Amino acid sequence: MLVSAKEMLDKAKAGHYAVGQFNINNLEWTKSVLLVAEELKSPVILGVSEGAGKYMTGFGTVAAMVRAMDAELGITVPVALHLDHGTYEGCYKCIKAGFTSIMFDGSHYPIEENVAKTKELVQVAHAMGMSIEAEVGSIGGEEDGVVGMGECADPQECKSIADLGVDMLAAGIGNIHGKYPANWAGLSFETLDAIQKLTGEMPLVLHGGTGIPEDMIKKAISLGVAKINVNTECQLSFADATRKYIEAGKDLEGKGFDPRKLLAPGAEAIKATVKEKMELFGSVGKAN
Ligand code: 13P
């Protein structure tokens, strides 16, 4: 069933585990993530960036596909369909399209403007029964053309955004989208600790989940992170498995070029990555 992310994240924060947000790009991605969530009885969040929404021909297509697939597969675990790093206009498009959750990324605005726009969107989202994520302090790296320098968020600014009634808060703590460089300084747990002390029960969101070492993930969860976003790692798993299939010449054997066969190893590889992350985040068996 498609639901808002609020209840699953409040439970995760109270239960000291995290729910994974896995970004989707197409039908295979969506199917792989939903099947693993059901198999492991884990709540899950399907993330859709503005670029991925455009690629799939629009948020309306995405919402219709996800809703229908959830029903056709008989998925029983809670699934939230969430806009990732939404613009102000993108948030309204997803509200209209039937998403169950949005992220408004106003981190590049001056804090007063981020507060004003977030405040308005909180009211609209909640009136529609949707959950909303806000961001303070930009996440480093590049995702779909959105580039951030990876600064650490100001805990007081986090409090002012959390006080607006958002359901989850993404705060920059040195995390980066995409692969981490060899000289990466690691997550700033001092910043995370200070943010959690000021924001209390608020589920915190860790973006850039790809490549963060296991011990850092566990420590982040112990300091209040209840949602972890993973995108690049599924893309790398998919590409690697597809490359191996083609390099082994399997597309040239019999009907190996059939897209259902050609894309199967990649889809299985996404499933393996999602399974590994759900086990690490501790969300397995937490669907009820
Ligand atoms: P990665 O691509 O680094 O896993 O980050 C995903 C993310 O944070 C989506 O918002």
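All of the points below concern the structure found in this document. (Residues numbered from 1 in each chain as written. Predicted model: local features only at pLDDT ≥ 70, side-chain atom pairs only at ≥ 80, totals over all residues. Heavy atoms only, no water.)

1. Brief notes about helix 5 (residues 88-97)
Rule in force here: Note on classification: 1.4 Å probe, protein chains only; a residue is buried when its accessible area is under 20% of the maximum for its type, exposed when over 50%, partly exposed between these limits. Put simply, DSSP H or I for four residues or longer makes a helix, DSSP E for two residues or longer makes a strand, and each gets a number counted from the N terminus. Arc definition: it is the arc formed by the directions from the helix axis to the C-beta atoms. Contact criterion: two residues are considered in contact whenever any of their non-hydrogen atoms come within 4.5 Å of each other.
Inspection of helix 5 places G90, C91, C94 and I95 among the buried residues, and these make up the whole buried set. Buried positions in helix 5, seen along its axis, are confined to an arc of 140° and lie on one side of it. Looking at helix 5, the residues exposed on the side facing more than 90 degrees away from the buried face are E89, K93 and K96. Those residues of helix 5 that are buried lie in contact with helix 3 (50-55), helix 4 (59-72), strand 3 (79-84), strand 4 (101-104) and helix 6 (111-127). Downstream of helix 5 by a residue or two, G98 has a phi angle that is positive, lying close to 100°.

2. Details of the site of the ligand
Put simply, the rule reads: Only heavy atoms are used to decide nearness, and a residue is near a molecule or strand if one of them lies within 4 Å of it. The definition of a polar contact used here is a pair of N or O atoms within 3.5 Å, where within protein one atom must be able to donate a hydrogen and the other to accept one, and adjacent residues in sequence count solely through side-chain atom pairs. Here the accessible surface of atoms and residues is derived via Shrake-Rupley with a 1.4 Å probe, and residues count as covered only by protein chains that are part of the display.
Residues in contact with the ligand amount to 15 residues; listed here are only the nearest, D84, G178, G208, T210 and T232. The side chain of N229 places a nitrogen or oxygen atom 3.2 Å from an oxygen atom of the ligand. Between an oxygen atom of the ligand and a side-chain N or O atom of T232, the distance comes to 2.5 Å. When the ligand is considered free in solution it has 310 Å² of accessible area, and contact with the protein chains removes 99% of it.

3. Some remarks on the environment of M1
Within the secondary structure layout, M1 lies in the segment before helix 1 (6-15). Classification of M1 as exposed rests on a relative accessible area of 60%. Along the backbone, M1 and G256 are 255 residues apart, and their C-alpha atoms lie at a distance of 35 Å. Residues in contact with M1, not counting those within four places in the same chain, are D70, I75, V77, P78 and V79.

4. Digging into the pairing of strand 10 (residues 225-230)
The condition that has to hold: Note on pairing: DSSP must find at least two bridges between two strands before they are called paired.
The buried fraction of strand 10 is high, at six of six residues. Alignment of strand 1 (residues 19-23) against strand 10, held across four bridges, turns out to be parallel. Across the sheet, residue G20 finds its bridge partner in strand 10, namely I228. Both strand 9 (residues 204-206) and strand 10 contribute to a ladder of three bridges, which runs parallel. Its bridge partner lying in strand 10, V205 is registered against K227.

Purely geometric stuff here, so don't read any function into it on its own.
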